[in-house]
Amino acid sequence: MTTRVLLAGVLLLPVGLSGCSSATETYCASLADEKQTLTDLAGSAQAPGADAFADSLTVFRRLRDDAPGDIRDEWDTYVFAWEGVTDAFTAAGVNPQDYTPGTTQGSTPGVTEEQARAIEDAAAELRSPRVLDAGKGIEQHARDVCKVDLGL
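Per chain, the residues get numbers from 1 upward, laid out in the order the sequence is written. Predicted model: local features are reported for residues with pLDDT of at least 70 only, side-chain atom pairs are reported and counted for 80 or more only, and whole-chain, interface and lining totals are derived from all residues. Hydrogens and waters are ignored; side-chain quantities use all the structure's heavy atoms.

Visitor: Please clarify how the overall build of the chain should be interpreted in this entry.
Guide: The helix and strand labels rest on DSSP assignments: H or I over at least four residues marks a helix, E over at least two residues marks a strand, and numbering proceeds from the N terminus. Helix and strand content of the chain: five helices and zero strands. Sequence-ordered secondary structure for the chain, helices as α and strands as β, is α-α-α-α-α. Buried positions account for 34% of the 152 residues belonging to the chain. We call two residues in contact whenever any of their non-hydrogen atoms come within 4.5 Å of each other. Sequence separation of at least 24 residues holds for 58% of the intrachain contacts in the chain that already meet a minimum separation of 6. Surface accessibility of the chain: about 9000 Å² in total, with carbon and sulfur atoms responsible for 57%. Exposure is judged per residue with a 1.4 Å probe applied to protein chains only, and the accessible area is read against the type maximum: over 50% gives exposed, under 20% gives buried, and values in between give partly exposed. What sets the accessible areas is the Shrake-Rupley method with a 1.4 Å probe; for residues, cover comes only from the shown protein chains.

Dropping the structure here:
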């Protein structure tokens with residue numbers, strides 16, 4: 001009985017591993033596909049009417065959803081920080097390109113001091129060591145496992 005259980009486990013092992021490999025392959029394909037989109041977004045970030053934060057967040061969410069378990073926590077951290085920035089701009093009713101940093105009222109027309117502080121706090125979180133480390137982990141995994149340089 002023990003030998004049969006062991007043999008069954010050994011025979012089923014490749015099936016489990018191929019599932020992980022398939023998930024990683026799907027993720028790597030998504031990274032390769034989205035790399036150009038991210039490059040284009042970075043290039044158009046200052047274009048009038050562009051919302052690079054929200055558009056990038058959409059891409060980052062897709063990549064997080066495709067990410068295998070070994071990199072999922074990093075993606076969660078990264079996406080959560082980007083959501084904070086995007087939500088802060090949305091709550092303030094201002095496009096990131098139209099925003100002038102500073103927490104004094106009047107820095108950006110229509111943005112209150114409280115809204116400006118929320119934007120600044122969210123931007124600080126995006127630059128925090130925790131989020132920067134998550135980005136480095138995502139980038140390293142993309143290079144090592146998928147052979148894709150995202151340039152995060």
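Visitor: Sorry, what's going on with the packing of helix 3 (residues 69–92) against helix 5 (residues 129–146) here?
Guide: Working note: a packed helix pair is described by the angle between its axes plus the distance between those axes. At their nearest, the axes of helix 3 and helix 5 sit 9 Å apart, and the two run at 135° to each other. In terms of their interaxial angle, helix 3 and helix 5 are classed as oblique. Crossing angle aside, the handedness with which helix 3 passes helix 5 is left-handed. Between helix 3 and helix 5, the contacting residues are D70, I71, E74, W75, T77, Y78 and A81 on the first element and R130, V131, A134, G135, G137, I138 and H141 on the second. Residues are grouped as follows: Ala, Val, Leu, Ile, Met, Phe, Trp, Tyr, Cys and Pro are nonpolar; Asp, Glu, Lys and Arg are charged; every other residue, Gly included, is polar. Across the contact of helix 3 with helix 5, the residue classes tally to seven nonpolar, four polar and three charged. Simply put, an axis is a line fit to the C-alpha atoms, just over the touching stretch for a helix, and the angle between two N-to-C directions goes from 0 to 180 degrees. Should an angle fall under 35 degrees it is called roughly parallel, over 145 degrees roughly antiparallel, and 65 to 115 degrees roughly perpendicular, with every other angle called oblique. Two helices crossing with the near one rotated counterclockwise from the far one by less than a right angle form a left-handed crossing, whereas a clockwise rotation gives a right-handed crossing.

Visitor: Explain the confidence of the model for the chain here, please?
Guide: pLDDT: the predictor's confidence for each residue, scored from 0 to 100. Put simply, the chain has an average pLDDT of 80, and 76% of its residues get 70 or more. Helix 1 (residues 2–43) is the least confidently modelled element of the chain, averaging 62 in pLDDT, while helix 5 averages 95, the highest of any element. Low pLDDT, under 50, characterises residues 1–20; the stretch is placed with zero contacts to residues that sit more than four places away or in other chains.

Visitor: I tried to follow the environment of Q140 on my own but got confused; where do I start?
Guide: If you trace the backbone, Q140 turns up in helix 5. Spatially, the C-alpha atom of Q140 lies 9.3 Å from that of L150, the residues being 10 residues apart in sequence.

Visitor: Hey, could you run me through the state of the cysteines in this one?
Guide: Think of a disulfide as a covalent bridge from one cysteine sulfur atom to another cysteine sulfur atom. The disulfide definition used here is simple: a pair of cysteine sulfur atoms within 2.5 Å. Scanning the model with the defined rule gives one disulfide in all. Between the sulfur atoms of C28 and its disulfide mate C146 the distance is 2.0 Å. Disulfide C28 to C146: torsion about the S-S bond roughly -65°, handedness left-handed. Note that C28 is positioned in helix 1 and C146 in helix 5, a separation of 118 residues in sequence. Look at C146 and you get buried, because its relative accessible area is 11%.

Visitor: What is the right way to look at the packing of helix 3 against helix 4 (residues 113–126) in this model?
Guide: Look at helix 3 against helix 4: their axes get within 8 Å of each other, and the N-to-C directions meet at 165°. Relative to helix 4, helix 3 is oriented roughly antiparallel. Where helix 3 crosses over helix 4, the handedness of that crossing is left-handed. Together, A81, W82, G84, V85, A88, F89, A91 and A92 of helix 3 and Q115, A118, I119, A122, A123, E125 and L126 of helix 4 make up the contact between the two elements. Taken together, the residues that form the contact of helix 3 with helix 4 break down as 12 nonpolar, two polar and one charged.

Visitor: What should I look at first to understand helix 5 in this one?
Guide: Along an α-helix, a turn takes 3.6 residues, which lines up residues three or four apart on a common side. Residue count minus one, scaled by 1.5 Å, sets the expected span of a helix. Under the 1.5 Å per step criterion, the end-to-end length of helix 5 is 24 Å for 18 residues, consistent within 8% with the ideal 26 Å. Residues of helix 5 that are buried: V131, A134, G135, I138, E139, H141, A142 and C146. Along the axis of helix 5, the buried positions cluster into a sector of 160°, meaning they face one direction only. Every exposed residue of helix 5 that faces more than 90 degrees away from the buried side is listed here: P129 and K136. Regarding the arc, it is the one traced by the directions from the helix axis to the C-beta atoms.

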